[in-house]
Amino acid sequence: MSPAPFDPAALPASVRLETGEGGLPVVRVDGSRGSAELYLHGAHLTRWTPADGRPVLWLSAASLFTEAKAIRGGVPICFPWFGANPLDPGAPAHGFARLAEWELVAARDDGETVTVSLRLADSPATRATAWPHRFEALYTVTVGARLTLALTVTNRDTDSVSFEEALHSYLAVDDIRATEVTGLEGAPYLDQLAGMSVGTETGPVRFGAETDRIYLDTPAATAVTEGSGRTVGITTQGSHSTIVWNPWMAKAASMGDFGDDEWTGMVCVESANVRENRVRLEPDQSHTLTAVFDVAG
Ligand code: BG6
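The structure displayed is predicted, hence computed values, not measured ones. (Residues numbered from 1 in each chain as written. Predicted model: local features only at pLDDT ≥ 70, side-chain atom pairs only at ≥ 80, totals over all residues. Heavy atoms only, no water.)

Another point: the overall build of the protein. For the protein, the count of helices and strands is two helices and 23 strands. Relative to the 2.2 N^0.38 estimate, which gives 19 Å for 297 residues, the radius of gyration of the protein is 18 Å and therefore close to what a compact globule would have. In terms of overall dimensions, the protein has C-alpha extents of about 50 × 45 × 35 Å along its principal axes. Going through the 297 residues of the protein one by one, you find that 53% of them count as buried. On the protein, roughly 12,200 Å² of surface is accessible, and the fraction owed to carbon and sulfur atoms is 51%. One way to put it: in the protein the 22 positive side-chain charges average out to a point 0 Å from where the 38 negative ones average out. (Helix = DSSP H or I, 4+ residues; strand = E, 2+ residues; numbered from the N terminus. Rg over C-alpha atoms; globule rule 2.2 N^0.38 Å. Buried < 20%, exposed > 50% of the residue type's maximum accessible area, 1.4 Å probe, protein only. Areas by Shrake-Rupley, 256 points an atom, 1.4 Å probe, with all protein chains shown as cover. Lys, Arg positive; Asp, Glu negative; His and termini not counted. Charge placed at Lys NZ, Arg CZ, Asp CG, Glu CD.)

Across four bridges, the pairing between strand 14 (residues 188–191) and strand 15 (residues 197–200) is antiparallel. Considered in strand 15, the bridge of Y189 is made with G199. Here strand 14 folds back onto strand 15, and the loop between the two strands holds five residues, one of which, G195, carries a positive phi near 60°. (Pairing = 2+ DSSP bridges.)

Per the stated rule, a full pass over the model turns up 20 salt bridges. We note a salt bridge from R119 to E103, for which the minimum N-O separation is 3.4 Å. Residue R119 is found in strand 7 (residues 114–121), and its partner E103 is found in strand 6 (residues 103–109); the two are separated by 16 residues along the sequence. Owing to a relative accessible area of 28%, E103 belongs among the partly exposed residues under this scheme. Ionic pairing is found between R177 and D175, a salt bridge with its closest N-O pair at 2.9 Å. (Salt bridge = Lys/Arg side-chain N within 4 Å of Asp/Glu carboxyl O.)

What follows is about the nonpolar core. Grouped together as the largest cluster of nonpolar side chains are 71 residues, with contacts concentrated most on W102 and Y139. Among the elements that line this core, the one with the most residues is strand 8 (residues 135–143), at five residues. Excluding anything up to four places from it in sequence, Y139 contacts L38, A43, V75, I77, W102, V116, S117, L118, L149, A150, L151 and L167. If you look at the next biggest cluster of nonpolar residues, it comprises nine residues, including C78, A166, I214 and A272. (Core = buried A, V, L, I, M, F, W, Y, C linked by side-chain atoms within 4.5 Å. Contact = heavy atoms within 4.5 Å.)

Turning to the sheet that holds strand 1 (residues 15–19), a few remarks are in order. Judged by pairing direction, the sheet is antiparallel, and its four strands sit side by side in the order 1-2-3-4 without closing on themselves. Edge strands, defined here as strands with exactly one partner in the open sheet, are strand 1 and strand 4 (44–50). On average, adjacent strands in this sheet sit at an angle of 15° to one another, irrespective of strand direction. (Axes fitted to C-alpha atoms, helices over the stretch in contact; angles between N-to-C directions.)

Turning our attention to the pairing of strand 17 (residues 211–216). Most of strand 17 sits inside the fold, with six of its six residues counted as buried. Burial along strand 17 is two-sided: T211, R213 and Y215 facing one way and D212, I214 and L216 facing the other are all buried. Judged from the three bridges that link them, strand 14 and strand 17 form a sheet pairing that is antiparallel. Residue L190 lies in a different strand from strand 17, and its bridge partner there is I214. As defined by bridge partners, strand 17 adjoins strand 20 (residues 241–246) across six bridges and the pair is classed as antiparallel. Residue T211 lies in a different strand from strand 20, and its bridge partner there is N246.

Moving on to the site of the ligand. Around the ligand, the neighbouring residues are R72, F82, A93, H94, R98, H168, Q192, D212, I243, W245, K251 and E270. In the model, an oxygen atom of the ligand is placed 3.1 Å from a nitrogen or oxygen of the H94 side chain. Between the ligand and Q192, the relevant distance is 2.9 Å, taken from an oxygen atom to a side-chain nitrogen or oxygen of the residue. Coverage of the ligand by the protein amounts to 84% of the 390 Å² it exposes when considered alone. (Near = heavy atom within 4 Å. Polar contact = N/O pair within 3.5 Å; in protein donor to acceptor, adjacent residues only side chain to side chain.)

It is worth spelling out the sheet that holds strand 18 (residues 221–225) at this point. The strands that make up a sheet pair up through hydrogen bonds in the backbone, lying either parallel or antiparallel. In space, the nine strands of this open sheet follow the order 6-7-8-9-23-19-18-13-16, with antiparallel pairing throughout. Sheet topology places strand 6 and strand 16 (205–206) at the edges, where each strand pairs with a single neighbour.

Another point: unusual backbone geometry. Along the chain, F79 connects to P80 via a cis peptide bond; the corresponding omega equals 0°. Examined against the element boundaries, P80 turns out to sit in the loop between strand 5 (77–78) and strand 6. Positioned with a positive phi, D217 is a non-glycine residue whose angle comes to about 50°. With respect to the helices and strands, D217 occurs in the loop between strand 17 and strand 18.

Counting through the fold element by element, H168 comes out in the loop between strand 11 (165–167) and strand 12 (170–172). Look past the residues within four positions of H168 in its chain and what remains in contact with it is G74, V75, P76, C78, H94, W245, C268 and E270.

To continue, consider the packing of aromatic side chains. Enumeration over the complete set of coordinates arrives at 16 aromatic pairs. Among the aromatic side chains, those forming a connected cluster through ring pairs are F79, W81, F96, W131, F135 and F163. In this arrangement the basic side chain of R213 is found over the ring face of Y189, its NZ or CZ atom lying 4.4 Å from the centre. (Phe/Tyr/Trp six-rings, centres within 6.5 Å; stacked < 30°, edge-to-face > 60°. Lys NZ or Arg CZ within 6 Å of the ring centre and 35° of its normal.)

In structure tokens, the structure reads:
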């Protein structure tokens, strides 16, 4: 049974449901410790700015804001598959969740943090995909001096199901060539640019070319340090994979919704469960993937 529709009049003063880019509905959060923008299209967080800081997430100036496409930047939600669907090569990359319209179901302000929750459930459209299962997803975004993202998926089917998922966070950096990602030392990875060949990370990840790696069995803490010294720490729960991606020059130029020169200012470090780390749930079981972002420096 679907929950009763949320009454927008019940929003706290710090949360507004407005019309955003492309006419898409957006939840604007203006809390005492941070502000954010969360589109209902894809439950897509496009901005988080701590009160005394600069924006932490990267958003392409070339992003399209249309129901037909995922927003480029911020934090797309990949679910229930990651990358191409192996059973249906024509299915949208990274699953249907980032293309779906999510429903605003709760918002509250406790003074220090503002929490907004969005919900997505199966529909005739999702049941017609290569992943036809009944499910319920609840996404809770907590905005404050730190950012907490929690995606809970419940199996509403009568059989066990499995899925992939990622909180595909794009982080803004001064210059990718002076950026490093730590915490993945010793982790095995699949190199998506070399036929999924397997490697093992030997040190901090540094960038000198297009990079697209799926790290498996990853630890709960990674950090992105910019040349300027700012560090964004990502601490996870219920996440066993990490994807690191920068398209570099040629791939950026080939993407219609990515500015040709923008690749220098971003890196994706994605908290995920993919490939052999995919999630399996029995009927009525739930799983929560949580990522917490902290800024220092
Ligand atoms: C990353 C993948 O997660 O997302 C890359 O590892 C992919 O292979 C990138 O290119 C962007 O995907 P999309 O579908 O948003 O263009």
